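A closer look at the structure
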Amino acid sequence: MNKLDTDQLQFVEIIAKLLNDHELFKEEYSSDDFERVVIWLKKLRAQIDITIETLGDNAS
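Presented here is a report on the structure given in the accompanying data block. (Residues numbered from 1 in each chain as written. Predicted model: local features only at pLDDT ≥ 70, side-chain atom pairs only at ≥ 80, totals over all residues. Heavy atoms only, no water.)

Here we look at a nonpolar patch on the surface
Together, Leu4, Leu9, Phe11 and Val12 make up an exposed nonpolar region whose accessible area comes to about 350 Å². Turning to its location among the elements, Val12 is positioned in helix α1 (residues 6-21). (Patch = residues over 30% accessible without salt bridge, like charges linked within 9 Å, V, L, I, M, F, W, Y side chains within 5 Å. Areas by Shrake-Rupley, 256 points an atom, 1.4 Å probe, with all protein chains shown as cover. Salt bridge = Lys/Arg side-chain N within 4 Å of Asp/Glu carboxyl O. Helix = DSSP H or I, 4+ residues; strand = E, 2+ residues; numbered from the N terminus.)

Written out as structure tokens, the structure is:
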């Protein structure tokens, strides 16, 4: 596995903080917990995509 660069590491730290803030870290996960995490991450990904698109539109 390759080491993360500084930007990637910062992004992972932000995601970890958000996961923790939304109480998605647990010692053990049920299949329902796993599904909840996946849904939350998909919503987060959609928001990130929208933000990137908006920033790209504003730059042009």
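Some remarks on the pattern of salt bridges
Where charged atoms from two side chains of opposite charge approach closely, those side chains can pair. Applying the stated criterion across every chain yields a total of one salt bridge. Notably, a salt bridge pairs Lys17 with Asp21, separated by 2.9 Å at the nearest N-O pair. On the criterion of helical spacing, the pair formed by Lys17 and Asp21 is a turn pair, its members being four residues apart in helix α1. A relative accessible area of 53% places Lys17 in the exposed class. (Buried < 20%, exposed > 50% of the residue type's maximum accessible area, 1.4 Å probe, protein only.)

Remarks on the nonpolar core
In this structure, Ile15, Leu19, Leu24, Val37, Trp40 and Leu44 together form the largest nonpolar core, which totals six residues. Within the residue set of this core, elements represented by two or more residues are α1 and α2 (31-59). Here this core takes three residues from α2, the largest share from any one element. Residues contacting Trp40, with those up to four places away along its chain left out, are Leu18, Leu19, His22 and Leu24. (Core = buried A, V, L, I, M, F, W, Y, C linked by side-chain atoms within 4.5 Å. Contact = heavy atoms within 4.5 Å.)

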